[in-house]
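The chain contents come next:
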Amino acid sequence: MDVLKRHNVKVSGRGSTPMLFAHGFGCDQNMWRLIVPAFEGEYRTIVFDYVGHGQSDLAAYDRQKYSTLDGFTDDVLEICRKMELRDVIFVGHSVSAVIGIMAALREPQRFKCLILIGPSPCYINEGDYVGGFTRQSIDELLEFLDTNHLGWSSAMAPVIMANADRPELGAELTNSFCRTDPEVAKQFARVTFLSDSRADLPRLATPSLILQCSQDVIAPQCVGEYVHRQLPNSRLKHLHATGHCPHLSEPAETVAAIKEYLATQQGETAHGG
Amino acid sequence: MAVDPELLDLIRLELFENAPCGYLATLADGSIVQVNQTFAAMTGYERQWLLAGVRFAELLTIAGRIYHDTHFGPLLQMQGFIKEVAFDLLRSDQHRLPVLVNAIHKPASEGRPALTLITVFDATDRRQYEHELLLARRQAEQAAEAERAARELAESAARSKDEFLAMVSHELRTPLNAILGWTQILKEDRGINDDQLEGLLVIERNAQMQGNLIGDLLDMSRIIAGKMRLEVQEVVLGDVIDAAIDTARPAADAKGLRVQKVLDPTIIVAGDPGRLQQVFWNLLTNAVKFTPKGGFVRAVMQRVNSHVDVRVIDSGQGMTRDFIEHAFERFRQSDSGETRKTQGLGLGLSIARSLVEMHGGTIHAMSQGPGTGSTFLVNLPVAVVHQPDADVERIHPRAAVTTNPAAVGGVSLQGIKVLVVEDEADARDIVRRVLTAAGAEVVTAASSAEALKLLDRDKPHVLVSDIGMPGEDGYELIRKIRMMGEGTASIRAVALTAFARLEDRTRAMLAGYQMHLTKPVDARELIVTVATLARK
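Here the structure is a predicted model, which is why all the values come from computation and not from measurement. (Residues numbered from 1 in each chain as written. Chains lettered and ligands numbered in written order. Predicted model: local features only at pLDDT ≥ 70, side-chain atom pairs only at ≥ 80, totals over all residues.)

Caption draft 1: Here's a closer look at the overall build of chain A. Scanning chain A from N- to C-terminus turns up 10 helices and seven strands. When the 273 residues of chain A are sorted by exposure, 48% land in the buried category. Partitioning the contacts of chain A with sequence separation of at least 6, the portion at a separation of at least 24 is 73%. (Helix = DSSP H or I, 4+ residues; strand = E, 2+ residues; numbered from the N terminus. Buried ≥ 20, exposed ≤ 12 C-beta atoms within 10 Å, placed from the backbone. Contact = placed C-beta atoms within 7 Å.)

Following this line, the structure appears as structure tokens:
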């Protein structure tokens, strides 16, 4: 199957510089609904779903391939190759921030810069490192996902409803949003929350922006600061937005932070060129 | 009557505070701005503490908090509402309370901040039921899985048993073939004396007896496996019984028993002639076996309405009531007395009953007790065939009626060229001798490969081939032949094999043989078969 079809790749925007948006654990490309329009004027915006999420091809789900983050990284690079993307501005949320780092390590020439929203290279506390979770609490999460599938599937069930309050959210959205196969979600959670890519951070040369929320349980402030220390050529921006999804709760603030950073990057590129 | 607005407010407040579910409202950053008494009680915290900037997610377990931030929050933001999400509340005493949460998102408007309105139901019981349901489903799945595994095991065991029986019968029949073949050839030899002829007859009889035992074993296994198939046609029952009597007669003659029959030639039943003959042969052989010298064995047939009764009566020593009850069970023999020796596996009556029942009939054993003789009554439905003559003619033939008028001995295979394929030298030799003696010109091959060469060279009229051979078997051989050039491909072929099951025969026919003979093959049957095929 065509890779673009497999990942339900959607392209919009009037610019030429590609901006690739990668969703995190728990959702799909609709996560970016409130962000992408702000960039369509200047950039070529690209969104996609990981296999097993949203409207991707579930038949392409391969437990073996997606048993580590490498499988997801392969997919990101495959999309880039297929679309012949260069100088990509990669915007990754949560686990996708780490996937973006790994993709840029493997094919640095493809990426211009990385926007990392709520990144965490390791969720579990270890020695001096504070990831925010004990091993026990992560095990508990995975067990919750394993045993709670009645509640889980109820929350995951597609909801078709005309949304009077939010007309910008069409039926298509409410249809597919967060519609993840429970088995896929369980494995993605396992891969995400048990991953440890701390050793990879210092090797990254690609410039990056870290967006750190307030009161983010999943990626606490100390983790954002750690990532900033470890990533050469990175900037850290604190947001007022609370929780783990600033692009949903405070889209305007998120867009402004990204635009501000991209402006500085353009300047730097101009100097360099 | 107008109700006092203050009263309405009081009612609203009371309903809010004492609702059977927890209510709370949060701001965009998740902090709680309003809770009802029920929710505070659920958590065990003071209302004041909850309202001092606590976020709803902070009241959840770690797992719930992650789910809240990755699913619950985004869904609520994008969709405007969320229903029935299962969480665990972490109470002030650190106990967990299973809850179901619904929420509605109210965007900011007219100076009012964005609000999230949350309803929390105690789901302790529901979680318990869910848990039990899941447990029950898991157990059912495990039980189904275990049952499937057990069934597979049993099926595989049954299959290997069937295969073992087929193999045993093959192995047991193959030597019989050589024994019977040579006996028949030697019997024709005019140079042997009476003692030697007597010896040959004993060998032949015993070999045939063993062949029958093997047949019984196979039949029984087929019946048990439900694989016994009848080839039903319209059968003149009298002829079938007659043929059975003929088969049992030598043994009766040897004991000096009188064999009498009263048959009705007009009665036609729908059945498998071979299997019906087997039933009566079994009953008659039994009767002969258990009747002492000088007694009699009788077969009496009578139509009763739409049924026909066949009684096989003997003057033997009869059966006890106790034995009659179990007469048709497998491996049951009336051989408790030392005065009489019995043979066989005790399968005959059991097979007979199964066969009769497959024909829609019944079988019963009767006896007045020891010393009074036995009667076996077979009751079969009569086929609906219109017979013009109303009068039932009863025949009382004398003892020595021949029922097999076709003189097989006279068939000649003069001018017929036969290719015999058989890997086993003894078996090959017997077939060659039998066919040569009948006048055929015989070439032999020890393998399929050799046979294919000879086919080209000798252009035989008829192929007689074994099935089980090393390398290419007889199925493969005939398939190859059928795909060859015009002349060779149409050769008449008979499969000669110790695979005696019905499905083996079907398989041979499907592979391309016209006839299938089971080892040990009767010499005359082989000759007649070859002659018939050559004539076509």
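Still more ground to cover, so stick around.
Caption draft 2: Structural context of the overall build of chain B. Helix and strand content of chain B: 16 helices and 17 strands. Per-residue burial for chain B yields a buried fraction of 36% across its 536 residues. Restricting to contacts in chain B with at least 6 residues of sequence separation, those with at least 24 account for 64%.

Caption draft 3: Just helix α11 (residues 425–437) of chain B, in detail. All names here are of chain B. For α11, spanning 13 residues, the distance from its first C-alpha to its last is 18 Å, which sits close to the expected 18 Å at 1.5 Å a residue. Looking at α11, one finds that the buried residues are A427, R428, I430, V431, V434 and L435. Buried residues in α11, looked at end-on, bunch into an arc of 160°, giving them a common side. Residues of α11 that are buried in the fold lie against α5 (124–188), β13 (417–421), β14 (441–445), β15 (462–466), β16 (492–497) and α16 (523–535). G439 sits one or two positions beyond α11 and adopts a positive phi of about 105°. (Expected span 1.5 Å × (residues − 1). Arc of directions from axis to C-beta.)

Caption draft 4: Up close: the sheet that holds β16(B). Residues and elements named next belong to chain B. One open sheet accounts for five strands, arranged β14-β13-β15-β16-β17; its pairing is parallel. A single partner strand is all that each edge strand has here, and the edge strands are β14 and β17 (515–518). Within the sheet, the average angular offset between the axes of one strand and its neighbour, ignoring direction, is 20°. The sheet contacts of helix α12 (residues 448–458) involve β13 and β14, and relative to β13 the element is tilted by about 170°. (Pairing = 2+ DSSP bridges. Axes fitted to C-alpha atoms, helices over the stretch in contact; angles between N-to-C directions.)

Caption draft 5: View of unusual backbone geometry. One non-glycine residue, A:N8, lies in positive phi territory at about 50°. Of note, A:N8 is situated in the loop between α1 (3–6) and β1 (10–12). Of note in this structure, B:E84 is not a glycine but carries a positive phi near 50°. Of note, B:E84 is situated in strand β3 (residues 81–90). Look at B:E84 and you get partly exposed, because 15 C-beta atoms sit within 10 Å.

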